[in-house]
Amino acid sequence: MSKPDDTGMKMDAALAGRMIDIRRHLHRHPELSNEERKTQAYLREALVDAGFETVRPVAGFGLAVDIVGTAGPSNRKVVIRADIDALPITEASGVPFASERAGVMHACGHDAHAAMGYAAAVLLDAHRESFSGTVRLIFQPAEEAEPLGGRRVIEEGLLDDVDAAIGIHVDPYTPAGRVAVGAGPYTLACDNFDVVVTGNSAHAAKPSDGVDAIAVACSMVTEVQKIVAREIDPYDPLVVSVTGIEGGGAYNVIASEVRLRGTIRSGLEETRQKAWQRLRQVLAGIAAAHGAEVAVDIRRGEPAVVNDPDMVDIIKRAGATVVGSDNVLMAPGWTAADDFAFYSEKCPSVYFRLGIRNADIDAVYPLHHPQFRVDETALPKGAMVLAEAARAFLEKPR
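Keep in mind the model is a prediction, meaning the values are calculated, not measured.

**Re the overall build of the chain**
Part 1 of the argument: If you tally the helices and strands in the chain, you get 9 helices and 16 strands.
Part 2 of the argument: Radius of gyration (C-alpha) of the chain: 23 Å, near the 21 Å computed for a compact globule of 398 residues.
Part 3 of the argument: When the backbone C-alpha atoms are referred to their principal axes, the chain occupies close to 80 × 45 × 45 Å.
Part 4 of the argument: Looking at the chain as a whole, 52% of its 398 residues are labelled buried.
Part 5 of the argument: Sequence separation of 24 or more characterises 80% of the internal contacts of the chain that already satisfy a separation of 6 or more.
Part 6 of the argument: Accessible surface, the chain as shown: approximately 16800 Å² in total, 51% of it carbon and sulfur.

This is the structure:
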């Protein structure tokens, strides 16, 4: 069985402890997308305390810091992205540092990402003499909700002078401390849609006098699933999910209006466009068949993350250095979406997963679950892989 490489950057107990403290503070005090004021201030203070003199605000409530190697002159740059926002979920994990904000929780591990980004920055700063070029740490807000922070990072030009980007995500399906990665499409594009179905109100005792918007909407919910099940190649990823339905108000009144909302997740751009077209056509047809009207609004979100094969090789080598090659898994992508996709559109990128699953401490729940937990023993490994991968990229000739 392969072992970690002793030549890699090592994290001492003090830095590991500080990283966990940061993670737990952020977990106690989560903030939603585009509201990360206190998170931004806390991370800025942590970075300044660690000796970083130039920490600048980006993308509204995010931060960026550049770490310039001293091994020799180089204009090469690589980004490490760590997202920092939380979700509108009421925590039920039972951890002693649970969220103190009602209805807000770090249920996707972004507190862990931010803490690992901090630790990677400190490691790289302590090993400046071992690399040339620049590592740019971006603590990015608003990964979870529009307006997306990843899009804003690109709009603000933070990747205009960058040669590559690295992103990490904790993975509750992979054993704690293992690294999982794969080349090619690695997450799906995600678009949101809103639908308004308009019928005609009537007394519940005489539904024939009106057009029941609820009945029409229910038909729509079931029929749109046939776009995926019967019109798309099973090897071509597409997920259409209706995630909300609102309508009606009284027991004895036929509803005149129902609102639906949901997401379209796709891998290929042509599949994305077909899903948009067919969703509109199917909903319009159902409405017409029932004598109702429908308005459909589809908003383009993040594209799919695409992992560059050369960057995947760098993660595999960095992972082997930190955790041993036997603990580096070649894993398929996720049907989830991530706005790191805007980075991968801009430059060669890699998005890899860090296992945090441990049944002994009940760290088995999926992302976005109220009982989501993280095995924190994995976090030092994730931070070291980030740092090693950034250094390895900068050492690689053009």
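**What about helix α1 (residues 13-28)?**
Part 1 of the argument: Spanning 16 residues, α1 covers 22 Å between terminal C-alpha atoms, matching the ideal 22 Å at 1.5 Å per step.
Part 2 of the argument: Considered for burial, the residues of α1 that qualify are L15, A16, M19, I20, I22, R23, L26 and H27. Down the axis of α1, the buried side of the element spans an arc of 155°, and every buried residue falls inside it. Those residues of α1 that are exposed and aimed more than 90 degrees away from the buried face are A13 and A14.
Part 3 of the argument: Buried residues along α1 sit in contact with α2 (37-49), α3 (110-126) and α9 (379-395).
Part 4 of the argument: A distance of 3.3 Å separates the backbone nitrogen of A14 from a side-chain oxygen at the start of α1, and that oxygen is part of D12.

**Regarding the sheet that holds strand β15 (residues 328-330)**
Part 1 of the argument: On the basis of which strands lie adjacent, the open sheet formed by 8 strands has the order β1-β2-β4-β3-β5-β16-β6-β15 and mixed pairing. Both edges of this open sheet fall to β1 (56-58) and β15, since each of them pairs with a single strand only. For this sheet the average axis-to-axis angle between neighbouring strands, irrespective of direction, equals 30°.
Part 2 of the argument: Pairing geometry for strand β3 (residues 77-83) and strand β5 (residues 164-175), over 4 bridges, is parallel. Residue pairing across strands places R81 opposite G167, the latter belonging to β5.
Part 3 of the argument: The strands that α2 touches are β1, β2 (62-68) and β4 (134-140); relative to β2, the one it contacts most, it runs at about 20°.

**Description of the state of the cysteines**
Part 1 of the argument: Per the stated rule, a full pass over the model turns up 0 disulfides.
Part 2 of the argument: Of the cysteine sulfurs around C108, a residue in no disulfide, the closest is that of C190, at 12 Å.

**A word on the packing of α3 against α9**
Part 1 of the argument: Taken N-terminus to C-terminus, the directions of α3 and α9 make an angle of 50°; their axes are 8 Å apart at the nearest point. Judged by the angle between their axes, α3 and α9 are oblique. As α3 packs across α9, the resulting crossing turns out to be right-handed. Together, A112, M116, A119, A120, L123 and L124 of α3 and L379, G382, A383, M384, L386, A387 and A390 of α9 make up the contact between the two elements.
Part 2 of the argument: The class makeup of the residues in the contact of α3 with α9 is 12 nonpolar, 1 polar and no charged.

**Focus: the packing of aromatic side chains**
Part 1 of the argument: In this structure the tally under the stated criterion is 3 aromatic pairs.
Part 2 of the argument: The interplanar angle of 80° and the centroid separation of 6.5 Å between the aromatic rings of W334 and Y351 together place this pair among those described as edge-to-face. One end of the pair, W334, is in the loop between β15 and α8 (341-346); the other, Y351, is in strand β16 (residues 349-357), and 17 residues separate them in sequence.
Part 3 of the argument: In textbook terms, an aromatic cluster arises when at least three aromatic residues are bridged by ring pairs, as seen for W334, F340, Y343 and Y351.
Part 4 of the argument: One residue, R81, lies across the ring of Y343, its end atom 5.9 Å from the ring centre.

Scoring rules and cut-offs
- Residues numbered from 1 in each chain as written.
- Predicted model: local features only at pLDDT ≥ 70, side-chain atom pairs only at ≥ 80, totals over all residues.
- Heavy atoms only, no water.
- Helix = DSSP H or I, 4+ residues; strand = E, 2+ residues; numbered from the N terminus.
- Rg over C-alpha atoms; globule rule 2.2 N^0.38 Å.
- Buried < 20%, exposed > 50% of the residue type's maximum accessible area, 1.4 Å probe, protein only.
- Contact = heavy atoms within 4.5 Å.
- Areas by Shrake-Rupley, 256 points an atom, 1.4 Å probe, with all protein chains shown as cover.
- Expected span 1.5 Å × (residues − 1).
- Arc of directions from axis to C-beta.
- Polar contact = N/O pair within 3.5 Å; in protein donor to acceptor, adjacent residues only side chain to side chain.
- Pairing = 2+ DSSP bridges.
- Axes fitted to C-alpha atoms, helices over the stretch in contact; angles between N-to-C directions.
- Disulfide = S-S within 2.5 Å.
- Parallel < 35°, antiparallel > 145°, perpendicular 65-115°, else oblique.
- Left-handed = near helix turned anticlockwise from the far one by under 90°.
- Nonpolar A, V, L, I, M, F, W, Y, C, P; charged D, E, K, R; others polar.
- Phe/Tyr/Trp six-rings, centres within 6.5 Å; stacked < 30°, edge-to-face > 60°.
- Lys NZ or Arg CZ within 6 Å of the ring centre and 35° of its normal.

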